[in-house]
Amino acid sequence: MGLPMDIFNFVDNIKKHTTEINKEDLAVIVEECKHGHFLHVLSKTKTFRENHTLNDELAKLLLLLDATCLSQVGEGKKAADIIERIYQDSNGKLVDDLILYGNLAFMCDYKLTRKIMSDAVKRINHDPIKAAHAYFILGEAEEHLGKFIRAIKYYKRGLGYLEKAEERDDATILYLHFKLGALHSIIHETDQAIEFLQKAIELADDTNQEIKINSLVSIAKMYGSKRDYEKAFTYLKEAIPMLEGSTLENKLVHAEAYTEMAYNYFDQSKFDEAAPYYEKAITIQQNLPYRTASRELGMIYMQYAYSMEHREKPEKLLAGINYERAIEQLEKANDYELLTSALGDTIAFFKKIGNKKKVRFYENKFVKVTNEKKHSF
């Protein structure tokens, strides 16, 4: 895989500095770039500096290349130091240069990105596309820094510029609506989140099905948290058929859609309806290349077990298996209240079916967890 050289058009720009004397050495650097041999590139640029005289423009170009390579090999601090130095030394600080430096900084230092792009947006006058791009990168940097309110502010400014531009960038407008919906959800501004995600659904077409599906499931989860089950079902019933056969089939969002459908039935004590959706969600979870957080997965197993125990025709064997799976996950979650509550329900279940061995086993766990909690103070 090659370097993200399109950020500063390295291959095209290097041609301007090619001479009979340096062309072979520059060709080697370009070739190493194309193959993504980052450490080789760094070695070749060092040798090039030793063997050739560089004008200011070529020197800066090679430094930008070094910064890009260093970012790719995990040397973010060294990369950021180079970009910071070039930024500080820039004469006149042209907007295009600042946007370039901000983009490069995004690969290695979000705070430096914030610094450079904040400077860039102050200098942009009448170019909505450049302004939108700068605000978009600013928003992403703030999001990565966990500053979600700032990210929302910058994403909205970027969106405002895009919507005023003569040529619409529909893909980015759609993506920004999705991002704004997600961020408003994170900070618990549910109404605003639903508004932006609903707009994303309206803007999405057949080429944007992943965003549409994620938006549908996200809105369903928010309505579910409000116990507005009818609206939640409406969005889930649209999302689930779309998931089947899509690029998101059997991925995490597919499991989340099934889990949400299951929980909406579970919370209404409709256990026969809930159980099949929990089963589908668990099947996907078990085949994911990574696991959902232990707390969430433990709760899924717990609710599935309770549903199997309390459905019209109880399936006690499956209930017991999943109570035990729930405890196994919740023991990893470092949530004392949740674990002890789950242990209580599990003990009650095994008492009900007369399994004294399991009762003793989980009672001992309960005592151990309680004692560990006391000694932690």
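Residues numbered from 1 in each chain as written. Predicted model: local features only at pLDDT ≥ 70, side-chain atom pairs only at ≥ 80, totals over all residues. Heavy atoms only, no water.

A. Structural detail: the overall build of the chain. Within the chain, the secondary structure is distributed over 19 helices and zero strands. Against the compact-globule benchmark of 21 Å for 377 residues, the chain has a radius of gyration of 28 Å, which places it well outside the compact range. Expressed along its principal axes, the backbone C-alpha trace of the chain runs to roughly 90 × 45 × 45 Å. Expressed as a percentage of the 377 residues in the chain, the buried residues total 46%. Roughly 20300 Å² of accessible area belongs to the chain as shown, and the carbon and sulfur atoms make up 49% of that amount. (Helix = DSSP H or I, 4+ residues; strand = E, 2+ residues; numbered from the N terminus. Rg over C-alpha atoms; globule rule 2.2 N^0.38 Å. Buried < 20%, exposed > 50% of the residue type's maximum accessible area, 1.4 Å probe, protein only. Areas by Shrake-Rupley, 256 points an atom, 1.4 Å probe, with all protein chains shown as cover.)

B. Spotlight on the environment of Glu-331. Within the secondary structure, Glu-331 is located in the loop between helix H17 (316-330) and helix H18 (336-352). In this structure the C-alpha to C-alpha distance between Glu-331 and Lys-365, which are 34 residues apart in sequence, comes to 10.0 Å. A polar side-chain atom of Glu-331 sits 2.7 Å from a polar atom in the side chain of Lys-365. (Polar contact = N/O pair within 3.5 Å; in protein donor to acceptor, adjacent residues only side chain to side chain.)

C. Here's a closer look at the nonpolar core. Ranked by internal contacts, the top residues of the largest apolar core, which has 64 residues, are Ile-219, Tyr-235 and Tyr-278. Apart from residues no more than four positions distant in its own chain, Ile-219 is found in contact with Ile-194, Leu-197, Gln-198, Ile-201 and Tyr-235. Formed by 58 residues, the second largest nonpolar core is a distinct cluster that contains Leu-64, Ile-83, Tyr-101 and Leu-162. (Core = buried A, V, L, I, M, F, W, Y, C linked by side-chain atoms within 4.5 Å. Contact = heavy atoms within 4.5 Å.)

D. Quick look at the side chain of Thr-370. Assignment of secondary structure puts Thr-370 in helix H19 (residues 356-375). Separated by 2.8 Å, the side chain of Thr-370 and the backbone oxygen of Phe-366 make a polar contact.

E. Layout of the packing of helix H16 (residues 294-310) against H18. Contact pair H16 / H18: the axes reach a minimum separation of 12 Å and the direction vectors enclose 25 degrees. The pairing of H16 with H18 is recorded here as roughly parallel in orientation. The two elements H16 and H18 cross, and the hand of that crossing is left-handed. Residue-level inspection shows Arg-295, Met-299, Met-302, Glu-309 and His-310 of H16 in contact with H18, the latter providing Leu-338, Ala-342, Asp-345, Thr-346, Phe-349 and Lys-352. (Axes fitted to C-alpha atoms, helices over the stretch in contact; angles between N-to-C directions. Parallel < 35°, antiparallel > 145°, perpendicular 65-115°, else oblique. Left-handed = near helix turned anticlockwise from the far one by under 90°.)

F. The arrangement of the packing of aromatic side chains in detail. For the coordinates displayed, the defined rule picks out 18 aromatic pairs. Here the aromatic rings of Phe-350 and Tyr-362 are separated by 5.9 Å at their centres, their planes lie at 0 degrees, and the arrangement is stacked. Of this pair, Phe-350 sits in helix H18 while Tyr-362 sits in helix H19, and the two are twelve residues apart along the sequence. In this structure, Phe-350 and Tyr-362 share a single accessibility class: buried. (Phe/Tyr/Trp six-rings, centres within 6.5 Å; stacked < 30°, edge-to-face > 60°.)

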